[in-house]
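Working through the structure, step by step
So you can see what is in the structure, the chains are spelled out below.
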Amino acid sequence: MALPEAPNYIALMSDNIDRLGRSFTASTYGAFAGQLTPVLSGLLVLYLVFWGFRFWQGRGESSVIDIAFRLFRIAIIFSIATGWGPIQTLAYGVISGIPTAISAVMMNNIVNVGRGAMSQTTVERDLHDFYQIALLASARMSAPATGVVTPVPVAKQAPPDADPAAKSGPGNRGAPPADELLSSLHSGIVWIAAALFVGYAVFLMLFSKLALWIVLALAPGFIVLLLFQGVSRFFSGWLSVAIQTMLVPIFFYAFLSFFLLIIKEVVIALKVSMDQGAVPTIKEIAPFVLVCFSGLFLLAQIVPLSARIAGGAQQWIGDVLQGGSGRIFPASLAGERGNSGRTIRTKPSGMSPVPPGMQGAPSSLSEMNDTLIRDIQDRNLAINRQTRNR
């Protein structure tokens, strides 16, 4: 039984998303930026007022370079968050092109014997062929249970004294109800297993691309949060989500390229059995169902793996945005620098004042000591600045 030739709908969906993604991101980004421009202008004025007040109290930057860097940072954030221009176009091209470029490099080193290196197009084509073979096998196994009777010429009928079992051919209604039920069960298992595997693979492909477009379109509302230290963690969370959506297609195409090559013999065995006109038996069905569930469980690890990597990046980004150099680098590798530019070194471990009962959390006490030292230095610097002003 041959199924009608169907177009590669998986490749069509991928092409449609790639074509619509850029226009959606650019138009939505511009619309959000236009509506948020008055709000961002007000927030910018408040930010400058509070920053000037802190500087007047002696708690601001002490050097001209720091002041110039802060003003430059404010100008860059405001310009990026209030419109779609060349900078946004360049950033969009880099962010959307990184997963494609890395995936292409990885798949070029995954060579399929007789067909060359893998690519995004070949992965989508092989995934579509995998599902079509499963549909053909399911239809072939359910054919005996449909009750289709092939007419047999009278001249070729067996003699009356022949074995009754010889009268039942592959096209006759000679199969008992138990065999019909078993064939229908096998047909359903093959289709469900293939649908779960291919369906989850298509879901990951669509999710990674759609999520990246939507996350980039929401960028103006999160970029402006960089102006305020208290809510800058939301920007780091948004950036970690963007990194995760960039990692998902990289792992997806690499994992799927390896997996489709690994299971090639199993799929070919099922296809050859149908090409010979036979109905697939448990010998071909069992390995096929096994590889379907194996692929499903393998693809299910992509999102947690990407989340772990993006979670580590979020912590580092938050430390950078908060300006805590002592949190970025271990205290044993770099001393804590105060506002005066002098390096403050910690005491040796033998002189540690930590009581015996509190030695389980040395990092917390070290952070408390560093915070107290920074507060004392800030206070002394403010007093010296006010004294000079008088």
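Our subject is the structure listed above.
Described in the following lines is the structure provided in the data block. Every value quoted in this text rests on a predicted model; they were computed, and no experiment measured them. (Residues numbered from 1 in each chain as written. Predicted model: local features only at pLDDT ≥ 70, side-chain atom pairs only at ≥ 80, totals over all residues. Heavy atoms only, no water.)

**As for the pattern of salt bridges**
Put simply, the rule is: The rule for a salt bridge is simple: a side-chain nitrogen of Lys or Arg has to be within 4 Å of a carboxyl oxygen of Asp or Glu. Elements are defined by DSSP. Helices are runs of H or I of four residues or more, strands are runs of E of two residues or more, and each kind is numbered from the N terminus.
With the rule as written, the count across this model stands at three salt bridges. Across the pair Lys209 and Asp18 runs a salt bridge whose closest N-O atoms are separated by 3.3 Å. A residue pair is termed long-range when its members are at least 10 positions apart, and Lys209 in helix 5 (residues 177-217) and Asp18 in helix 1 (residues 9-56) qualify at 191 residues. One salt bridge in this structure joins Lys271 and Asp275, with 2.9 Å as the shortest N-O distance.

**Section: the packing of aromatic side chains**
The line we're drawing: Classification of ring pairs rests on two measures: the distance between centres of Phe, Tyr or Trp rings, Trp counted by its six-membered ring, which must be within 6.5 Å, and the angle between planes, read as stacked under 30 degrees, edge-to-face over 60 and tilted in between. Using a 1.4 Å probe on the protein chains alone, a residue whose accessible area is under 20% of its type maximum counts as buried, one over 50% counts as exposed, and one in between counts as partly exposed.
One pass over the structure, following the stated rule, counts nine aromatic pairs. Centroid distance Phe130 to Phe288: 5.1 Å. Interplanar angle 20°. Geometry classified as stacked. Here Phe130 is found in helix 4 (residues 120-142), whereas its partner Phe288 is found in helix 9 (residues 282-299), with 158 residues between them in sequence. Here Phe252 and Tyr253 contribute two aromatic rings whose centre-to-centre distance is 5.0 Å and whose plane-to-plane angle is 75°, an arrangement assigned as edge-to-face. Take Phe252 and Tyr253: they sit in the same class, and that class is buried. Ring-pair connections join several aromatic residues into one group, and the members of that group are Phe130, Phe197, Phe259 and Phe288.

**Notes on helix 2 (residues 64-81)**
The condition that has to hold: The span one expects for a helix is its residue count, reduced by one, times 1.5 Å. Starting at the helix axis, one direction is taken to each C-beta atom, and the arc is that of these directions. We call two residues in contact when some of their heavy atoms are within 4.5 Å.
Counted at 1.5 Å a residue, the expected span for helix 2 with its 18 residues is 26 Å, and the 26 Å between its end C-alpha atoms agrees. Where helix 2 is concerned, the buried positions are Ile74, Ile77 and Ala81. When helix 2 is viewed along its axis, its buried side chains cluster within an angular range of 70° and face the same direction. Turned more than 90 degrees away from the buried face of helix 2 sit Val64, Ile65, Phe69 and Phe72, all of them exposed. Where helix 2 is buried, its residues meet helix 1 and helix 6 (219-223).

**Focus on the packing of helix 1 against helix 4**
The geometry of a pair of packed helices is captured by two quantities: the angle between their axes and the separation between those axes. Selection criterion: Each axis is a line fitted through C-alpha atoms, and for a helix only the stretch in contact is used; angles between axes span 0 to 180 degrees, taken between their N-to-C directions. We call two directions roughly parallel when the angle between them is under 35 degrees, roughly antiparallel when it is over 145, roughly perpendicular when it lies between 65 and 115, and oblique otherwise. Residues are grouped as follows: Ala, Val, Leu, Ile, Met, Phe, Trp, Tyr, Cys and Pro are nonpolar; Asp, Glu, Lys and Arg are charged; every other residue, Gly included, is polar.
Two elements in contact, helix 1 and helix 4, have axes whose closest approach is 8 Å; the angle formed by their N-to-C orientations is 140°. In terms of orientation, helix 1 and helix 4 fall into the oblique class. Facing helix 1, whose interface residues are Tyr9, Ile10, Ala11, Ser14 and Asp18, helix 4 presents Gln120, Glu124, Leu127, His128, Tyr131 and Gln132. Looking at the contact of helix 1 with helix 4 residue by residue, the class counts come to five nonpolar, four polar and two charged.

**Focus on the packing of helix 8 (residues 264-275) against helix 9**
Going by this rule: Handedness of a helix crossing follows the sense of rotation of the near helix relative to the far helix, less than a right angle counterclockwise being left-handed and clockwise being right-handed.
Remark: helix 8 packs on helix 9, axes separated minimally by 9 Å, with the N-to-C direction vectors making an angle of 145°. Every pair of crossing elements has a handedness; the one defined by helix 8 and helix 9 is left-handed. Contact residues: Val266, Val267, Ala269, Leu270 and Ser273 in helix 8; Glu284, Pro287, Phe288 and Val291 in helix 9. Of the residues that constitute the contact of helix 8 with helix 9, the class distribution is seven nonpolar, one polar and one charged.

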